[in-house]
Amino acid sequence: MSTTAHPAESTATAPDEPPARRRRPRVGVLLGAVGLLVVAVAVVAVTSAADGRADRSAAVDRPPATATVTRQTLVDRETKNGELGYGTPRARESRLAGTVTWLAAGGATVKRGKALYRIDDEPVVLLYGSLPAYRMLRSGVSGTDVKQFEQNLAALGHTGFDVDEDFTSATADAVRDWQEDLGLPETGQVEPARIVYAPGEVRVESHAVEVGDTVGAGKVVLSTTGTARLVTCTLDVEDQRLARKGAEVTITLPDGTRSTGRVDTVETVVQTSATSGKDPETETKIEVTVTGDDPKVLAGYDKAAVDLGLIASERADVLSVPVAALLTLAEGGYGLQVVEDTGTRIVAVRTGLFAAGRVEVSGEGVTAGLTVGMPGD
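We now turn to the structure provided with this report. (Residues numbered from 1 in each chain as written. Predicted model: local features only at pLDDT ≥ 70, side-chain atom pairs only at ≥ 80, totals over all residues. Heavy atoms only, no water.)

## Here's the deal with the overall build of the protein
Inference 1: Along its length, the protein carries five helices and 23 strands.
Inference 2: The buried share among the 377 residues of the protein stands at 35%.
Inference 3: For the protein, the share of sequence-separated contacts (at least 6 apart) that also reach a separation of at least 24 residues comes to 66%.
Inference 4: Summed over its atoms, the accessible surface of the protein is roughly 22,000 Å², and 50% of this surface lies on carbon and sulfur atoms. (Helix = DSSP H or I, 4+ residues; strand = E, 2+ residues; numbered from the N terminus. Buried < 20%, exposed > 50% of the residue type's maximum accessible area, 1.4 Å probe, protein only. Contact = heavy atoms within 4.5 Å. Areas by Shrake-Rupley, 256 points an atom, 1.4 Å probe, with all protein chains shown as cover.)

## Points about the packing of aromatic side chains
Inference 1: Considering all chains together, one arrives at one aromatic pair under this definition.
Inference 2: Their ring planes at 70° and their centres at 5.4 Å tell us that Phe149 and Trp178 sit as a pair that is edge-to-face. Of this pair, Phe149 sits in helix α3 (residues 144–155) while Trp178 sits in helix α4 (residues 169–182); the two residues are 29 residues apart in sequence, bridging distant segments of the chain. Trp178 shares its class with Phe149; the two are buried. (Phe/Tyr/Trp six-rings, centres within 6.5 Å; stacked < 30°, edge-to-face > 60°.)

## Things to note about the sheet that holds strand β11 (residues 202–207)
Think of a sheet as strands paired side by side through backbone hydrogen bonds, with each pair either parallel or antiparallel.
Inference 1: Ordered by their spatial adjacency, four strands build an open sheet running β5-β13-β11-β7, and the pairing between neighbours is antiparallel. The open sheet has two edge strands, β5 (90–93) and β7 (109–110), and neither has a second partner.
Inference 2: Sheet topology places β7 next to β11; two bridges connect them, and they run antiparallel. Each bridged residue has a counterpart across the sheet, and for Thr109 the counterpart in β11 is Arg203. (Pairing = 2+ DSSP bridges.)

## Quick word on the pairing of strand β10 (residues 195–198)
Inference 1: The alternating pattern of β10 places Ile195 and Tyr197 and Val196 and Ala198 on opposite faces, both of which are buried.
Inference 2: Both strand β9 (residues 122–128) and β10 contribute to a ladder of four bridges, which runs parallel. Looking at the pairing, Val125 lines up with Ile195 of β10.

## Here's the deal with the nonpolar core
Inference 1: Judged by nonpolar contacts, the single largest core of 20 residues is most densely connected at Leu235, Ile251, Val290 and Leu308.
Inference 2: Contributing elements (two or more residues each) for this core: β14 (230–236), β15 (248–252), β17 (281–292) and β18 (304–322).
Inference 3: Those residues in contact with Leu308, other than ones at most four positions away along the chain, are Glu78, Thr79, Lys80, Gly82, Val231, Cys233, Val249, Thr250, Ile251 and Val290. (Core = buried A, V, L, I, M, F, W, Y, C linked by side-chain atoms within 4.5 Å.)

## Observations concerning unusual backbone geometry
Inference 1: Residues other than glycine seldom take positive phi values, yet Asp121 does so here, at roughly 65°.
Inference 2: Of note, Asp121 is situated in the loop between β8 (115–119) and β9.
Inference 3: In this structure, Asp317 takes a positive phi of about 55° despite not being glycine.
Inference 4: Following the sequence through the fold, Asp317 ends up in strand β18.

## Comments concerning the pattern of salt bridges
Any two side chains of opposite charge can pair, on the condition that their charged atoms come close.
Inference 1: With the rule as written, the count across this model stands at 17 salt bridges.
Inference 2: Two residues, Glu205 and Lys303, come together in a salt bridge whose shortest N-O distance is 3.0 Å. In this pair, Glu205 is assigned in strand β11 and Lys303 in the loop between α5 (295–298) and β18, connecting sequence segments 98 residues apart.
Inference 3: Judged by relative accessible area, Glu205 falls into the partly exposed class, the value being 22%.
Inference 4: Among the ionic pairs, Arg315 bridges to Glu360, the shortest N-O distance being 2.7 Å. Separated by 45 residues along the polypeptide, Arg315 in strand β18 and Glu360 in strand β22 (residues 358–362) bring together distant segments of the chain.
Inference 5: Given the relative accessible area of 40%, Arg315 is considered partly exposed. (Salt bridge = Lys/Arg side-chain N within 4 Å of Asp/Glu carboxyl O.)

This is the structure we're talking about:
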């Protein structure tokens with residue numbers, strides 16, 4: 001009996017022949033991906049203009065954040081430690097020998113014509129002036145020291161003489177009245193040892209002796225300061241650029257309160273430190289005194305450690321952006337990503353002062369109000 005093959009069986013695939021693979025669609029996908037990559041690279045390609053400026057085209061997609069080019073004054077400050085108090089104390093030496101019988105109290109304010117201390121129960125008084133008392137004043141002498149003393153004599157209410165550089169008999173008469181008020185011998189002559197000159201009223205900072213102590217000429221009796229609260233700061237010589245008289249300063253108090261002030265005085269001082277078994281070492285420092293713009297802000301502290309923001313550099317009326325907006329260019333230097341309605345582009349910039357998180361920038365087409373790209377978080 002013969003058997004006829006079914007048509008379906010005659011077209012069946014042989015068992016040892018593998019099934020055909022669909023290769024064409026996978027090749028198409030691969031070529032498509034490569035094409036997208038080429039397009040993406042082309043979008044961010046960098047070209048150079050004829051004048052050498054960076055001129056990059058970018059995708060229309062905007063950066064994750066933007067900033068604005070602003071025109072302002074950039075100030076670079078450095079923070080230094082300062083001490084709020086009444087300034088550097090001034091030691092007051094006795095020019096008389098004897099027993100200390102009275103001292104102005106610590107913290108007390110002494111004004112013109114009042115006693116700072118008493119030696120053998122006779123006062124040494126405060127007068128205002130910048131020239132130290134250095135000689136006996138009597139009839140017939142002349143000079144700026146005479147005028148300085150006569151100005152004080154007149155301010156204390158004594159009259160009958162002309163305030164000038166000549167010590168006359170009329171001046172001597174006024175001196176006798178002054179001496180009578182103080183309980184001093186009425187000689188009509190002014191002993192330099194009886195006067196301590198200061199620019200204004202003083203505050204007694206500390207005592208170097210006690211009542212009852214015997215002192216000689218040259219012995220420190222007490223120390224005084226001014227009465228205004230000041231901030232003092234000691235700088236290394238290499239930081240001298242921060243010490244500019246009249247420069248603005250920020251003052252941060254221990255409780256975080258911030259105020260402003262000005263550099264009032266700048267002095268070079270030599271500090272001596274003792275070392276065991278060796279000669280004393282000396283070091284040159286810069287001492288800065290700062291006065292506060294608002295004394296009431298500083299009034300809550302007698303003494304305190306504060307932070308001073310001293311100006312290192314300042315640039316007025318410059319264009320600036322946040323430092324994070326800067327891009328490092330492949331050809332060197334820096335650039336900014338300018339964001340516009342139609343997309344973004346890269347422009348080269350020159351940088352200047354870096355301060356407070358911003359940087360001075362300049363370049364062709366860089367103007368105030370320009371929007372620039374910033375990196376995302």
